[in-house]
Amino acid sequence: MDIHKLDKYAKSLIKEAAGRIKASFNTELIIETKSEANDLVTNIDKETEQFFIGHIKRDFPDHRIFGEEGFGDNIQDLNGYVWMLDPIDGTMNFIHQKKNFAISLGIYKDGVGILGYICNVMEDDLISASLGEGAYFNDLRIPNVEQARIEQSIIGINASWVVPNKYIEHEGMIELVQTVRGTRSYGSAAIEIAYVVTGKLDAYMSMRLSPWDIAGGMVVAKEVGAIVTNLEDKPINLLTQNTFLVAKPGLHKELVTNYIKLK
Ligand code: IPD
Ligand code: CA
Ligand code: CA
Ligand code: CA
């Protein structure tokens, strides 16, 4: 398989899907809940996933798809080509704000990320990367991330980090919030990873993300030298949910060593 052809193909699907999502603003949105009252899904999340799957299955019948909305394959291993797709990352933003949501896609071959994409739909931005060939913001090459000092960093976390919770010693988080220059929360893991990749954030972390939230972002992060691990500084397993940390190199070490204390 020619990776450049696959890249072109994936980009054209993403572009078309983004156009369809934008066009959906003129139609009635059907909103449902999934696991709990704030876990939302819409007809557009489902239709977008089905749009990708329809094309991929037609054009690459031996490729498998791991998608959030469950229309793809039952993935128990990463053999062969696996497309990890979040059709809309940031559904709550999509519904409430009509911005700050993304299409997130990673294409893996035998467990290795070969292509990664984060499309910020309303900004018309596409971050893309192919293994060993660097990362791009639209057509511009993204430079490697630089080292950051914690006192000068902006960290992507949400409010749940600083209230007592069952995963993290929140004293360490309070100290972190008091030490960093600022914190931000955008409500889309893919966009927050994209912001670390492009230097708008210095780190982003989450207590629980799914493979489709991070698969595309991980390919891109690697190409610019950002470090991705779980919160225990161990490799991510793309077959299950994980805790998650992406950060500039020195900062990553400082966060896992001095601030993030798991219970
Ligand atoms: C969610 C977003 C959100 C993150 C959640 C994800 P979804 O994805 O990325 O920022 O905090 O953990 O589930 O459900 O909108 O695709
Ligand atoms: Ca969801
Ligand atoms: Ca998601
Ligand atoms: Ca989603």
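Each value, and the rule that gives it
Residues numbered from 1 in each chain as written. Chains lettered and ligands numbered in written order. Predicted model: local features only at pLDDT ≥ 70, side-chain atom pairs only at ≥ 80, totals over all residues. UniProt positions renumbered as here; feature names shortened; annotations may be inferred. Helix = DSSP H or I, 4+ residues; strand = E, 2+ residues; numbered from the N terminus. Rg over C-alpha atoms; globule rule 2.2 N^0.38 Å. Buried ≥ 20, exposed ≤ 12 C-beta atoms within 10 Å, placed from the backbone. Contact = placed C-beta atoms within 7 Å. Pairing = 2+ DSSP bridges. Axes fitted to C-alpha atoms, helices over the stretch in contact; angles between N-to-C directions. Near = placed C-beta within 6 Å. Domains from an automatic or database assignment.

In the annotation of an unreviewed UniProt entry, the protein chain is listed under the name inositol-phosphate phosphatase and assigned to Psychrobacillus mangrovi. Entered under Catalytic activity (unreviewed entry) in the UniProt record, the comment concerning the protein chain runs "a myo-inositol phosphate + H2O = myo-inositol + phosphate".

A. How the structure looks around the overall build of the protein chain. From N to C terminus, the protein chain includes seven helices and 14 strands. In summary, the protein chain has a C-alpha radius of gyration of 18 Å against a globular reference of 18 Å for 263 residues, a match within 12%. Principal axes of the C-alpha set define a box for the protein chain whose edges measure 50 × 40 × 35 Å. Among the 263 residues that make up the protein chain, the fraction classed as buried is 43%. Excluding contacts between residues fewer than 6 apart, the proportion of contacts in the protein chain whose partners are at least 24 apart in sequence is 62%.

B. Molecular detail of the sheet that holds strand 6 (residues 112-120). The seven strands lie next to each other as 3-4-5-6-7-8-9, forming an open sheet whose pairing is mixed. Where the open sheet ends on each side, the last strands, each with one partner, are strand 3 (64-67) and strand 9 (140-141). In this structure, strand 8 (residues 135-137) lies alongside strand 9, joined through two bridges in antiparallel fashion. Within the sheet, the bridge partner assigned to tyrosine 136 lies in strand 9 and is arginine 141. Here helix 1 (residues 3-23) sits on the sheet in contact with strand 4 (81-89), strand 5 (102-109), strand 6 and strand 7 (125-130), set at roughly 25° to strand 6. Of the strands in this sheet, strand 3 and strand 4 are in contact with helix 2 (residues 43-59), which crosses strand 4 at around 155°.

C. Summary view of the site of ligand 1. Near ligand 1, the surroundings consist of Glu68, Asp86, Asp89, Gly90, Thr91, Gly187, Ser188, Ala189, Ser206, Leu209 and Asp213. Sorting the residues of the shell around ligand 1 by element identifies strand 4 and strand 12 (203-209) as the ones contributing at least two each. Residues from two domains meet in the shell around ligand 1; each of domain 1 (3-141) and domain 2 (150-259) gives at least three.

D. Just helix 5 (residues 189-197), in detail. Counting buried positions along helix 5 yields nine of nine residues, so the element is predominantly enclosed. What helix 5 keeps buried is the set Ala189, Ala190, Ile191, Glu192, Ile193, Ala194, Tyr195, Val196 and Val197.

E. Inspection of the sheet that holds strand 11 (residues 182-184) at higher detail. The strand order 11-10-12-14-13 describes an open sheet built from five strands, whose pairing is mixed. Looking at the sheet topology across the chains shown, the edges are occupied by strand 11 and strand 13 (227-229). Direction aside, neighbouring strands of the sheet carry axes that sit 15° apart on average. Relative to strand 12, strand 10 (residues 154-156) is paired through two bridges, and the arrangement is parallel. Pairing of glycine 156 across the sheet is with tyrosine 204, part of strand 12. Lying over the sheet, helix 5 contacts strand 10, strand 12 and strand 14 (242-247), oriented at roughly 155° with respect to strand 12.

F. The arrangement of helix 7 (residues 249-259) in detail. Among all positions in helix 7, only Leu251, His252, Glu254, Leu255, Val256 and Tyr259 are buried. Those residues of helix 7 that are buried lie in contact with helix 4 (170-179), strand 12, strand 13 and strand 14.

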